[in-house]
Amino acid sequence: PMESGEMVSRYTGEGEGEPWCLMDTAHRDMRRWWLAYDAGAGWDFGSLEHLVTWAGRRYMEAGDRLAEAFAGSIQSSKSVVHGCLPQTHVFSKHVAPALDSGKTGYVLVDSLRYEMARELAGELAGEYEVSLSSAIATVPTITEIGMAALMPGAENGVKVALTANGRLALEVGGALLKDRKDRMDYMRRVMPGTYDDKLGSLLPPSRSVKRGMEDTRLIVITSGEIDASCESANEWTARKTTQ
C-alpha cells in the first residue's frame, strides 16, 4: 500500500530512488532501436525478436500493475492527489507569473509524456536554465479535456460537458472548448494580443510568423504530431517524432 502522492513523487523522481518513469524511457528507446534494427546484420534475429517481445510484455504488465495501484490508492483515500499541482492551475501557477517578467512562450504538445519532457529538459540544461515540475491531469485524460484544462481561468473551476454530437468537452470560464479552434479563440479573448500558431509553422518561421511573435507578449504554440501519428497506428512516424 502506498499513498497516491508518494507514487507520483516516485514516478517523477521527486521521491527516493530512481524515477519510475525511466521504465517508460527504456521501453521507448527499445522500440526505437528495434524499429531501426537491420535484420540482415548477421545476428540471431529470431532470438532478438523473442527478447524484445518478452520485454514489451513485461513492460505492459508492470504498467498495468502501477495503474491499478494508483487508481486503487485514489479510490481508497476518496480524495485528490495531495501535494501535487492540478493541471487546471498550470497557467495561473507558471504562465501568468512568467508574463509579469516579459515575453513568454507557452508550448502545448499533445502526448508528450512526462519522461519525454524530462529527457528534453536534460538536453536543454547545458545551455539554458531549466526547471521541471509535474501536474496531475484532469480526468478523463483525453486531448479535448487535457488541453482545455491548460487554458487561463481553468483554476477557477472546470466542467466536463457533452457537445451537440455527443463528444466530451470542457467548459472553462463559461466557454465550451471542443477543439483547438475553440481553445485559441478563448485564449485570444481572455488574453488580448496573444499570438498562436502550430509547431510546423516555426520550421522555419516566415516573416509574418516572426512579426507576429515580435508584436506580442504571449506566444502559444501547439503540436499534435505525436498524437496524430499514434492514432493512425504509424509507430515508426511516432517514434521518429519523439527523437
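Being a predicted model, the structure only gives us computed values, none of them experimental.

Novice: How should I be thinking about the pairing of strand 5 (residues 168-172) in this particular structure?
Specialist: The side chains of a regular strand alternate between the sheet's two faces. Two elements, strand 4 (residues 158-162) and strand 5, share five bridges in a ladder whose sense is antiparallel. Note on strand 5: the bridge partner recorded for Leu162 is Leu168. The hairpin turn running from strand 4 into strand 5, its antiparallel successor, is five residues long, and Gly166 in that turn takes a positive phi close to 85 degrees. Relative to strand 6 (residues 175-177), strand 5 is paired through three bridges, and the arrangement is antiparallel. When the sheet's bridge partners are listed, Leu170 is paired in strand 6 with Leu177. Hairpin connection of strand 5 to strand 6: two residues between the antiparallel strands, including Gly173 at a positive phi of 55 degrees.

Novice: Mind showing me how you'd approach the nonpolar core here?
Specialist: Core analysis: the biggest nonpolar cluster contains 23 residues, and Tyr106 and Leu218 have the highest contact counts within it. Counting only elements with at least two residues in this core, the list comes to helix 4 (90-99), strand 2 (104-109), helix 6 (143-148), strand 5, strand 6, helix 7 (180-190) and strand 8 (218-223). When residues in this core are grouped by element, the largest group, four residues, is from helix 4. When near neighbours in sequence (up to four residues on either side) are disregarded, Tyr106 contacts Val90, Phe91, Val95, Leu150, Met187, Leu218, Ile219, Val220 and Ile221. Membership of the second largest hydrophobic core comes to five residues, among which are Tyr195, Val209, Met213 and Ile221.

Novice: Honestly, the pattern of salt bridges in this entry has me stumped. Any pointers?
Specialist: Any two side chains of opposite charge can pair, so long as their charged atoms come close to each other. For the structure on display, the rule yields 12 salt bridges. A salt bridge links Arg10 to Glu6, with the nearest nitrogen and oxygen atoms 3.0 Å apart. Of this pair, Arg10 and Glu6 both sit in helix 1 (residues 4-12), four residues apart, which is roughly one turn of the helix. Through salt bridges with shared partners, a single ionic network connects Arg180, Lys181, Asp185, Arg188 and Asp196.

Novice: Can you help me understand the sheet that holds strand 8 in this one?
Specialist: Backbone hydrogen bonds are what pair the strands of a sheet, in a parallel or an antiparallel way. Taken together, the three strands give an open sheet; going across it, the order is 2-8-7, and neighbouring strands pair in parallel fashion. Strand pairing shows two members of the sheet lacking a second neighbour, strand 2 and strand 7 (195-198), which therefore form its edges. Shown here is a sheet whose adjacent strand axes are inclined to one another by a mean of 20 degrees, direction ignored. Inspection of the sheet shows strand 7 paired to strand 8 by four bridges, in the parallel sense. Bridge pairing in strand 8 places Tyr195 opposite Ile219. Against the sheet, helix 4 engages strand 2 and strand 8, with an angle of about 150 degrees to strand 2.

Novice: How should I be thinking about helix 1 in this particular structure?
Specialist: Residues that lie three or four places apart on an α-helix share one face, since the helix turns once every 3.6 residues. Within the span of helix 1, buried status applies to Ser4, Gly5, Met7, Val8, Ser9 and Thr12. If you follow the buried residues of helix 1, they end up packed against helix 3 (45-77), helix 5 (114-124) and strand 3 (135-136). Residue Glu3 occupies the N-cap position of helix 1, its side-chain oxygen lying 2.8 Å from the main-chain nitrogen of Gly5. Gly13 lies just past helix 1 and shows a positive phi near 95 degrees.

Novice: Mind showing me how you'd approach the environment of Leu170 here?
Specialist: Residue position: Leu170 is located in strand 5. In this structure Leu170 touches Glu144, Ile145, Ala148, Ala149, Val158, Lys159, Val160, Ala175, Leu176 and Leu177, once residues within four positions along its chain are discounted.

Novice: So what exactly am I meant to see when it comes to the layout of surface pockets here?
Specialist: Regions of empty space are outlined by a rolling probe, equal in size to a water molecule, passed over the atoms. A volume near 290 Å³ is recorded for the second largest pocket. Lining the second largest pocket are 16 residues, with Thr143, Arg180, Arg183, Thr222 and Gly224 positioned closest to its centre. Of all the secondary-structure elements, those providing two or more residues to the lining of the second largest pocket are helix 6, helix 7 and strand 8. Looking at the lining of the second largest pocket element by element, the count peaks at three residues for helix 6. Taken together, the residues of the lining of the second largest pocket break down into three nonpolar, five polar and eight charged.

Here is what the cut-offs are and how they apply
- Note on numbering: residues in each chain are counted from 1, in written sequence order.
- Only residues with pLDDT of at least 70 get local features here, since the model is predicted, and only at 80 or more are side-chain atom pairs given and counted; chain-wide, interface and lining totals rely on the full set of residues.
- Note: side-chain values were computed over all heavy atoms of the structure, leaving out hydrogens and water.
- Strand pairing requires that DSSP identify at least two bridges connecting the strands.
- Only runs of H or I of at least four residues qualify as helices and only runs of E of at least two qualify as strands under DSSP, and these elements are numbered from the N terminus.
- Only buried residues count toward a nonpolar core, which is a set of Ala, Val, Leu, Ile, Met, Phe, Trp, Tyr and Cys residues joined through side-chain atoms within 4.5 Å.
- Only protein chains enter the calculation, and the probe is 1.4 Å; a residue is then buried if its accessible area is under 20% of its type maximum, exposed if over 50%, and partly exposed in between.
- Every residue pair with non-hydrogen atoms within 4.5 Å of one another is taken to be in contact.
- A carboxyl oxygen of Asp or Glu within 4 Å of a side-chain nitrogen of Lys or Arg is what we treat as a salt bridge.
- The axes used here are C-alpha line fits, helices contributing only the stretch in contact, and every angle between their N-to-C directions lies in the interval 0 to 180 degrees.
- For this analysis, a polar contact is any N or O atom pair within 3.5 Å, provided that within protein one partner can donate a hydrogen and the other can accept it, and provided that sequence-adjacent residues contribute only side-chain to side-chain pairs.
- Method remark: on a 1 Å grid restricted to protein atoms, a set of points is classed as a cavity if a 1.4 Å probe fits but cannot get out and as a pocket if it is open with protein on both sides within 12 Å along at least five of seven lines; lining residues have an atom within 4 Å of a point.
- Grid points are joined across faces, edges and corners, and a volume is the space filled by probe spheres set on the points.
- The classification used treats Ala, Val, Leu, Ile, Met, Phe, Trp, Tyr, Cys and Pro as nonpolar, Asp, Glu, Lys and Arg as charged, and all other residues, Gly among them, as polar.

As far as function goes, none of this settles anything; it's purely spatial.
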